[in-house]
Amino acid sequence: MGCGTSSSMKDKKSEKALKAALVIQNWYRGHSAQLKTRQRYALTIFQSIEYADEQGQLELSNFFSFMLENYTRVLEEDPELVTHLSDSNIQDKDRQDYWVLIDVPDSYCGPRLQFPLTFTDIDLLIEAFKQQQILHAYYVLEVLFETKKLLQQMPNFTHIKTSPSKEITICGDLHGKLDDLFLIYYKNGLPSVSNPYVFNGDFVDRGKNSMEILMILFVSFLVYPSDLHLNRGNHEDFMMNMRYGFTNEVLHKYKLHGKKILQVLEDIYTWLPIGTIIDNEILVIHGGISESTDLNLLHRIERNKLKSVLMPPIPIDGDHATEKGNKVGTTITARGIRTNGSLSEQLTKHEWEQVIDILWSDPRGKRGCYPNTGRGGGCYFGPDITSKILNKYQLKMLIRSHECKPEGYEICHDGKVITVFSASNYYEEGSNRGAYIRVSSGSPPRFFQYQVTRATCFRPLYQRMNAVESRAIRMLKERMISQKTDLIRVFQLQDSSKSGKLSVGQWAFSMENILGLNLPWRSLSSHLVTTDKDGNVDYMSSFQDIHIQKPVKEVQSTLIETVYRYRSDLQIIFNVIDSNHSGLISMEEFRSIWKLFKSHYRVCVDDSQLDELTERMDLNKDGSIDFNEFLKAFYVVHKFDKLSKSDTKVA
C-alpha cells in the first residue's frame, strides 16, 4: 500500500512537471513569435526607408541628365559656372608613375606588401586590419593598378567548374562590414586553390571599413585570380559612393591621396565582371533578371563603358544614344562634369537597361515582370520569369544578393532563386544574421549563418530588439518631420470639422500618401501619435517630440524642410561641381544650380527666402559659403525618445 501511494505521488509530480514544461514551452513559443513579428516590422521600416533613398538616388541621376540637357541655357545665363563644371584640366592619370613618387616613411608602422603578392600578404593584411592599422596610400594604389590590369583580362561573366570534392563559397553584400569578412574567413577558411570564393557585389558603402574589405578582396584576387571571383554590385558605382559613405571614408582615411584613389576606383568598377556562371547551371548575379534579360548580349557588351549605372546614356542634340560617331558628349564623373566625351564611349540605352536589370532587380511571388517601385530601378520578377530565363539558357538556379534577409538567406520561386546576404547587423546590432552558401556539382546548396556580436551580446534578446525598434522609429520620425508642412496640409484637408483629430484610417492614408512608404501605419500609430479614448488620432502629436533645428529663425519652415529632405542630393551635387575640392561654393553658383534643382524637383520655395538664408550663412561676407557646414546646420532634434523604455514594442 505504501508503494502504491508513493507511485501515485510520483505520477502527480510528473504530471505537474509536464504541465509546467508545457506552460513554459507555450510561453516561449509565443514570446519568440512576438519577437519575430517585432523584428519583421522593424526590418520593414528600415527597408522601406532604404529603398526610398535609392529612389532618391535614381531621381538624382535624372536631375544630372536634366542639368546636362539644359547646358545651353545655363551657359547663356552663367558661362562662368559651366566653365567651372566642365573643367577639363583634370586628367585621367593611369600612369603608375603617380604612386611610384609617393614616399613611404620609415615611421610607417602598417603592413608593407611585397609584389608579386603571395598568400603571406593576405594574412599580413588581415592581421594589420584587425589591429585597425591603415594601409599606406602607396600600397593601396599599387594594389588598385595591378587589380585593374588583371580585371581588364576578365570576361563579362566568369565561367567556373566545381566537383563533388571541390565546393565554391558564395558571399553576398558585405557593405563595409569588415568583422563579417573576418568571421567568414575564420569559419570557412581563407581563399585558396582548394577553397574558391565568389563575392557577389556591394563590397562598399554604409559600413566603416569598405576600403579594408576592398584591399583584402583585391589582394586575394591578385594572389588567386582563378579562385577568387568578384561580381559588380549596384554600389560599385561612384555616384552611389557619394551618398552612402565610401567617398567620405576614402577622403577621411587618405586626405592627401584620396582623390586619386577614388579616380582609380571609378575605373576599376567598370572592369568588374557582371556575373558568374557555375557548372553551366547556376547563374550568380547581384540583383536579378527581367523578362527581356539577354545573357548573350550581356556576354558581349563593353562593360567598361558603364561609368555609373545611375547615369543613362545621354543623347546629344536630339540624337539617339544608339547612334555611334564622334559627336561630342557631356558626362559626369567623380571628378566633375566633362564635355569632351563621345557617344561611342557610351553603352546603348538597351545595353544600359540590361545591366540595370541584373544589378537592381528583385524577385517577388507575383507572376510577371513589372517596375521595381520600391527602389525605382530594375524590375520585380515573378516565378514565371525565373523559369522562362533559366530554361532559355539551360540553367537550373539563380543565386543573387541585393536584399537584406532576417536569416541571411532566403529561397523562393520553387527553389530556383536564392538570395544570400552576408552583412549581419546591417541596419542595427541584432537586426539580421549574415550567411554564405557552399555549392558543388551534383549536390544541393549548403547554407551557413552567423552574426557578429559585440558588447550587446550580453544583453537579453528583448532589450536588443528594443534597440533595433528604437532606431527604426527614430529614422521614421525623421522622415516625417522632413515633410511636416505637407503632412499638416493633408491632415487638415481630411479634418473637415477642424477638431485637430482624425480616425486612424485617415491618418494612415495621409502618411502613406505623403511619405510614399509602404508600411503598416495602423500598427505603428501607437508609437507615432497619441489617440483619445475613442481611438481618434491627434495628428499634430506626430511632431511633438521632434523638430528640425533652424540655422536662421526667420526662414520659413518649408525651405528648412526642403533643404533637410534633399540634403544628401544637394551634398552630391556640390561634390560634383566642387572640382577643386575647396569646400566652398559661390552664391551665384549655388543660385544657378538651385534654379535647375527647383525646376526638376518641382520645389515650391520662394527664392528670396533662399537668398536670405545663404546670405546669413556667408559668415565672413566674401560671397561664398562652406557648403558642408551649410548642410550640417540642418539637423533633427529628438526632444525625448519614448522607445527608450524597455517595454516598448512595435507589435
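As the structure is a computational prediction, the values presented were derived from the model and not from experiment.

> How would you sum up the nonpolar core? Please name residues and give values.
Membership of the largest hydrophobic core comes to 66 residues, with the highest contact counts inside it found for Phe 63, Phe 64 and Trp 594. In terms of nonpolar packing, the next biggest core, distinct from the first, is built from 59 residues, Tyr 138, Leu 141, Leu 144 and Tyr 197 among them.

> Could you give an account of the sheet that holds strand E13 (residues 409–412), with specific residues and numbers?
Strands sit in the order E1-E5-E6-E12-E14-E13 across an open sheet of six strands; the sheet is mixed. At either margin of the open sheet sits one strand with a lone partner, and together these are strand E1 (157–160) and E13. With direction set aside, neighbouring strand axes in the sheet form an average angle of 20°. As defined by bridge partners, strand E12 (residues 397–400) adjoins strand E14 (residues 417–420) across three bridges and the pair is classed as parallel. Note on E14: the bridge partner recorded for Ile 399 is Ile 418.

> Explain the environment of Met 215 to me, using residue names and the numbers behind them.
Along the chain, Met 215 turns up in helix H8 (residues 210–223). The buried category is assigned to Met 215, whose relative accessible area is 1%. Separated by 72 residues in sequence, Met 215 and Val 143 have C-alpha atoms that sit 7.5 Å apart. Setting aside residues no more than four positions away along its own chain, Met 215 makes contact with Leu 125, Phe 129, Leu 135, Val 140, Val 143 and Leu 144.

> For the layout of surface pockets, give the residues involved together with the corresponding values.
What the second largest pocket holds in volume is close to 680 Å³. Counting residues per element, the lining of the second largest pocket draws most heavily on helix H1 (residues 2–69), at 11 residues. Per-class residue counts for the lining of the second largest pocket are nine nonpolar, nine polar and six charged. Taken domain by domain, the lining of the second largest pocket gets at least three of its residues from each of domain 1 (19–75 + 463–548) and domain 2 (126–138 + 151–316 + 347–450).

> Before we move on, can you summarise the side chain of Ser 401 with the specific residues and values?
Here Ser 401 is to be found in the loop between E12 and E13. The class for Ser 401 is buried, based on a relative accessible area of 0%. In this structure Ser 401 touches Cys 171, Gly 172, Asp 173, Asn 200, Ile 285, His 286, Thr 419 and Val 420, once residues within four positions along its chain are discounted.

> Which residues make up helix H14 (residues 383–392), and what are the values?
Of all the positions in H14, only Ile 385, Thr 386, Ser 387, Ile 389 and Leu 390 are classed as buried. Tucked inside the fold, the buried residues of H14 contact strand E10 (369–371), strand E11 (379–381), E12 and E14. The first or second residue beyond H14 is Gln 394, which carries a positive phi of 55°.

> How would you summarise the packing of helix H21 (residues 587–601) against helix H22 (residues 607–617) if you had to cite specific residues and measurements?
Viewed as axis vectors pointing N to C, H21 and H22 meet at an angle of 145°, and their least axial separation amounts to 12 Å. The chirality of how H21 crosses H22 is right-handed. Here Met 587, Phe 590, Arg 591, Trp 594 and Lys 598 of H21 come into contact with H22, specifically with Asp 607, Leu 610, Asp 611, Thr 614 and Glu 615. Its residues assigned to classes, the contact of H21 with H22 shows four nonpolar, one polar and five charged.

> Describe the pattern of salt bridges, with residues and values.
Applying the stated criterion to the full structure yields 26 salt bridges. Among the ionic pairs, Lys 396 bridges to Glu 281, the shortest N-O distance being 3.3 Å. Of this pair, Lys 396 sits in the loop between H14 and E12 while Glu 281 sits in the loop between strand E5 (275–278) and strand E6 (282–284), and the two are 115 residues apart along the sequence. A residue is classified by how much of its surface remains accessible, and Lys 396, at 56% relative accessible area, is exposed. Ionic pairing is found between Lys 349 and Glu 353, a salt bridge with its closest N-O pair at 2.5 Å. Of the two residues, Lys 349 and Glu 353 both sit in helix H13 (residues 349–360), four residues apart, roughly one turn of that helix. Accessibility expressed as a relative area gives 46% for Lys 349, which makes it partly exposed. Overlapping salt bridges, with partners in common, bring together Glu 54, Asp 362, Arg 364, Arg 375, Arg 400, Glu 403, Lys 405 and Glu 410 in one network.

Conventions used here
- Residues numbered from 1 in each chain as written.
- Predicted model: local features only at pLDDT ≥ 70, side-chain atom pairs only at ≥ 80, totals over all residues.
- Heavy atoms only, no water.
- Core = buried A, V, L, I, M, F, W, Y, C linked by side-chain atoms within 4.5 Å.
- Buried < 20%, exposed > 50% of the residue type's maximum accessible area, 1.4 Å probe, protein only.
- Pairing = 2+ DSSP bridges.
- Helix = DSSP H or I, 4+ residues; strand = E, 2+ residues; numbered from the N terminus.
- Axes fitted to C-alpha atoms, helices over the stretch in contact; angles between N-to-C directions.
- Contact = heavy atoms within 4.5 Å.
- 1 Å grid on protein atoms, 1.4 Å probe; cavity = no way out; pocket = protein on both sides within 12 Å on 5 of 7 lines; lining within 4 Å.
- Points joined across faces, edges and corners; volume = space filled by probe spheres on them.
- Nonpolar A, V, L, I, M, F, W, Y, C, P; charged D, E, K, R; others polar.
- Domains from an automatic or database assignment.
- Left-handed = near helix turned anticlockwise from the far one by under 90°.
- Salt bridge = Lys/Arg side-chain N within 4 Å of Asp/Glu carboxyl O.

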